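Descriptive structure summary
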Amino acid sequence: YKLEEVGIGIGLMGNQFIKSGRAGTAMKNIINRVTGANSTAKKAIDEYNLEAFEQEMINGNLTQAFKELIKATEGYDKATRNKIATDIAGSYGAQGLLTIMSSTVEELEKMEVAIKKNGDAWGIHEGMMESTYGKFLQLSSIIQVFATELMSMFGPAINNALKGLIKFGKSLFEISGEGENC
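A brief look at the structure comes next. Keep in mind it's a predicted model, so treat the numbers as computed, not measured.

The rules behind these values
- Residues numbered from 1 in each chain as written.
- Predicted model: local features only at pLDDT ≥ 70, side-chain atom pairs only at ≥ 80, totals over all residues.
- Heavy atoms only, no water.
- Helix = DSSP H or I, 4+ residues; strand = E, 2+ residues; numbered from the N terminus.
- Buried < 20%, exposed > 50% of the residue type's maximum accessible area, 1.4 Å probe, protein only.
- Contact = heavy atoms within 4.5 Å.
- Areas by Shrake-Rupley, 256 points an atom, 1.4 Å probe, with all protein chains shown as cover.
- Salt bridge = Lys/Arg side-chain N within 4 Å of Asp/Glu carboxyl O.
- Expected span 1.5 Å × (residues − 1).
- Patch = residues over 30% accessible without salt bridge, like charges linked within 9 Å, V, L, I, M, F, W, Y side chains within 5 Å.
- Core = buried A, V, L, I, M, F, W, Y, C linked by side-chain atoms within 4.5 Å.

1. Some details on the overall build of the protein
On a plain count of helices and strands, the protein comes out with nine helices and zero strands. Scanning the protein from its N terminus toward the C terminus, one meets helices and strands in the order α-α-α-α-α-α-α-α-α. Looking at the protein residue by residue over its 182 residues, the buried ones come to 34%. Contacts in the protein between residues at least 24 apart in sequence constitute 62% of all its contacts with a sequence separation of at least 6. Of the accessible surface of the protein, which amounts to about 11400 Å², a share of 58% is contributed by carbon and sulfur atoms.

What follows is the structure, given as structure tokens:
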């Protein structure tokens with residue numbers, strides 16, 4: 001599979017705030033379950049007439065496969081679409097596939113044009129990071145790193161202070177006579 005085509009699927013998921021790790025695993029599940037011997041995925045493909053989607057996946061044409069899937073499932077109600085996504089991608093990948101199924105062919109084509117325009121995966125990454133959403137992700141990442149560093153530095157001290165506070169509180173209850181049940 002072409003990285004750019006995988007990027008389209010991950011990009012559609014990212015537009016719905018699915019984190020990249022989960023999106024990547026969802027893409028792996030979709031590809032493995034559709035092109036492999038997964039009986040649940042095969043049954044759903046047959047039951048919901050998704051053979052064109054399956055064939056494009058087998059041929060390695062992810063973008064066209066997604067277009068076929070979107071067109072084939074657009075008339076189904078939410079419960080049916082959820083079942084299709086779960087049967088094809090498994091429980092962990094269902095949210096990602098459902099996001100692709102909920103996109104329009106036009107949205108997919110816009111993502112495809114943006115990827116081709118940038119020419120490579122790094123250009124796509126840089127373009128995304130310059131957007132408001134990208135800036136938000138950068139800020140979020142900085143905050144997470146800062147919080148992790150604070151907890152690693154002060155976590156043991158905070159834990160000991162809380163234990164001391166609990167011990168002190170228990171002793172106050174025992175002095176007052178109310179701590180017999182503590």
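2. Here we look at the side chain of Thr63
Structurally, Thr63 can be placed in helix H5 (residues 62-73). Discounting chain neighbours no more than four positions away, the residues touching Thr63 are Glu5, Ile8, Leu108 and Glu112.

3. Here's the deal with the pattern of salt bridges
One pass over the full model with this rule turns up four salt bridges. Where Lys67 meets Glu112, a salt bridge forms, and the shortest distance between an N and an O atom there is 3.6 Å. Highlighted residues: Lys67 in helix H5 and Glu112 in helix H7 (residues 105-118), separated in sequence by 45 residues. Of the two residues, Lys67 and Glu112, neither departs from the other in class, the shared state being buried. Put simply, Lys67, Glu109 and Glu112 are held in one network by salt bridges that share partners.

4. Here we look at helix H2 (residues 20-35)
Given 3.6 residues to a turn, an α-helix orients residues that are three or four positions apart in the same direction. Between its first and last C-alpha atoms H2 spans 22 Å; for 16 residues at 1.5 Å apiece the expected length is 22 Å, and the two agree. All buried positions along H2 are accounted for by Ala23, Ala26, Met27, Asn29, Ile30, Ile31, Arg33 and Val34.

5. Here we look at unusual backbone geometry
Backbone geometry at Asn49 places phi at a positive 55°, although glycine is not the residue there. Mapped onto the elements of the fold, Asn49 is located in the loop between helix H3 (39-47) and helix H4 (51-58). Classification of Asn49 by relative accessible area gives exposed; the value is 56%.

6. Structural notes on a nonpolar patch on the surface
Taken together, the side chains of Phe146, Leu150, Met151, Met153, Phe154, Ile158, Leu162, Leu165, Phe168, Leu172 and Ile175 define a hydrophobic patch exposed on the protein surface, amounting to about 1200 Å² of accessible area. Within the secondary structure, Leu172 is located in helix H9 (residues 132-176).

7. Details of the nonpolar core
In terms of nonpolar packing, the biggest core is built from 34 residues, with Met27, Ile30, Phe53 and Ile88 touching the most fellow members. Elements with a contribution of two residues or more to this core: helix H1 (3-15), H2, H3, H4, H5, helix H6 (78-102) and H7. In terms of residues, this core owes the most to one element, H6, which gives eight residues. Sequence-distant contacts of Ile30, defined by excluding residues within four places in its chain, comprise Met13, Phe53, Met57, Ala89 and Leu97.

8. Some details on the side chain of Asn29
In this structure, Asn29 sits in helix H2. Assessed through its relative accessible area of 15%, Asn29 is described here as buried. Those residues in contact with Asn29 that sit more than four places away from it in its chain are Ile88, Ala89, Tyr92 and Gly93.

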